[in-house]
Amino acid sequence: MTARSLSICHLFPEALNLYGDGGNILTLAKRLEWRGIEARIEEVPLTETPSFAATDIVFIGGGSDREQRIVCERLLERKAELEAYVRDGGVLLAVCGGYQLLGHSYAMGEETLEGLGLVDLSTSRGTPRLIGNILIESELVGRVVGYENHGGRTHLGSGVEPLGRVLFGHGNDGESGAEGCVSGNVLGTYIHGPLLPKNPAVADWVLARALERRYGSAELEPLDDAEELAANAVMAERLLRGEEKE
Ligand code: GLN
């Protein structure tokens with residue numbers, strides 16, 4: 001078989017990289033490398049204009065409202081390219097601030113940021129901030145653990161599936177029990193942690209989708225995730241018992 005490789009585009013890492021979001025990129029790269037698949041990482045700073053022609057995975061991390069305002073303009077300049085990429089089945093993972101910008105808008109009091117409109121969802125800032133450990137149950141990827149810290153309340157359009165249901169924590173809006181979104185090969189979530197080192201099934205979902213699009217096969221060689229899964233289970237059980245402290 002010819003050597004396989006995937007290209008991962010980390011958008012605006014200097015502005016969107018909260019609570020270890022950069023660890024998500026390292027996780028994707030390592031899990032490819034361990035399987036003998038090359039990972040090409042493209043860090044795209046705000047000063048550069050990204051092209052997605054050869055991209056397999058786009059990652060957009062979290063940021064404060066201030067940082068979101070800055071990146072929003074840059075993202076909107078690339079809206080058409082991102083739309084085309086997503087329409088073509090391009091894989092996109094977005095966390096927290098990045099997740100909010102996938103939608104139509106993020107209303108922050110007097111100011112409303114226009115979003116990319118890639119997924120039918122919208123967000124408005126509320127009080128209090130929704131902060132703490134979180135555990136969700138997802139049909140797609142099982143139990144996902146992590147950390148959330150957001151003022152935004154995100155509401156999904158009627159046709160959009162959440163990533164999972166909240167078992168502990170707040171999720172999209174603190175009320176509906178929904179967390180994140182999955183729309184084709186786009187996955188959005190409020191879960192930092194970072195998300196992927198703590199939840200290898202989410203990392204492999206992303207990789208499988210990208211491999212399928214590029215090479216026509218989503219098959220992934222299993223890895224020894226005993227340590228990650230044990231850590232995930234300890235945290236999940238702690239939260240199910242109602243213990244918030246780590
Ligand atoms: N600024 C957004 C909010 O507070 C997202 C924060 C984040 O990415 N953690 O809702």
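Summary of the structure given here.

### Concerning the overall build of the protein
Item 1. Assigned secondary structure in the protein consists of seven helices and 12 strands.
Item 2. Scaling as 2.2 N^0.38, a compact globule of 246 residues should have a C-alpha radius of gyration of about 18 Å, and the protein matches this with 17 Å.
Item 3. Its C-alpha atoms give the protein principal-axis dimensions of roughly 55 × 45 × 30 Å.
Item 4. Sorting the 246 residues of the protein into buried and exposed places 53% on the buried side.
Item 5. Expressed as a percentage of contacts within the protein between residues at least 6 apart in sequence, the contacts between residues at least 24 apart total 69%.
Item 6. When the accessible surface of the protein is totalled, it reaches about 10,800 Å², and 49% of it is carbon and sulfur.
Item 7. Side-chain charges in the protein split into 23 positive and 38 negative, and the spacing between the mean points of these groups amounts to 1 Å.

### Looking at the site of the ligand
Item 1. In the vicinity of the ligand lie 17 residues, with D65, Q68, C96, R129 and G152 positioned nearest.
Item 2. Interatomic distance of 3.0 Å between a backbone N/O atom of G97 and an oxygen atom of the ligand.
Item 3. In this structure, a nitrogen atom belonging to the ligand sits 2.9 Å away from a main-chain N or O atom of N149.
Item 4. Secondary structure elements with two or more residues in the shell around the ligand: α2 (65–77), α4 (97–102) and β8 (142–156).
Item 5. Counting residues per element, the shell around the ligand draws most heavily on β8, at four residues.
Item 6. Class assignment for the residues of the shell around the ligand results in four nonpolar, 11 polar and two charged.

### Quick word on the packing of helix α1 (residues 22–33) against helix α6 (residues 200–215)
Item 1. Running from amino to carboxyl end, α1 crosses α6 at an angle of 70°, the nearest separation of the two axes being 10 Å. Judged by the angle between their axes, α1 and α6 are roughly perpendicular. Between α1 and α6, the residues in contact are T27, L28, R31 and L32 and P200, A203, D204, V206 and L207, respectively.
Item 2. Of the residues contributing to the contact of α1 with α6, the split by class is six nonpolar, one polar and two charged.

### Comments concerning the nonpolar core
Item 1. Judged by nonpolar contacts, the single largest core of 62 residues is most densely connected at L11, I57 and L92.
Item 2. Among the elements that take part in this core, α6 stands out by supplying seven residues, more than any other.
Item 3. With residues near it in sequence (within four places) discarded, I57 still touches L6, S7, I8, C9, L28, Y85, V91, V206, L207 and A210.
Item 4. Counting residues in each nonpolar core, the second largest holds six residues, with L135, V145, M235 and L239 among its members.

Analysis parameters
Residues numbered from 1 in each chain as written. Predicted model: local features only at pLDDT ≥ 70, side-chain atom pairs only at ≥ 80, totals over all residues. Heavy atoms only, no water. Helix = DSSP H or I, 4+ residues; strand = E, 2+ residues; numbered from the N terminus. Rg over C-alpha atoms; globule rule 2.2 N^0.38 Å. Buried < 20%, exposed > 50% of the residue type's maximum accessible area, 1.4 Å probe, protein only. Contact = heavy atoms within 4.5 Å. Areas by Shrake-Rupley, 256 points an atom, 1.4 Å probe, with all protein chains shown as cover. Lys, Arg positive; Asp, Glu negative; His and termini not counted. Charge placed at Lys NZ, Arg CZ, Asp CG, Glu CD. Near = heavy atom within 4 Å. Polar contact = N/O pair within 3.5 Å; in protein donor to acceptor, adjacent residues only side chain to side chain. Nonpolar A, V, L, I, M, F, W, Y, C, P; charged D, E, K, R; others polar. Axes fitted to C-alpha atoms, helices over the stretch in contact; angles between N-to-C directions. Parallel < 35°, antiparallel > 145°, perpendicular 65-115°, else oblique. Core = buried A, V, L, I, M, F, W, Y, C linked by side-chain atoms within 4.5 Å.

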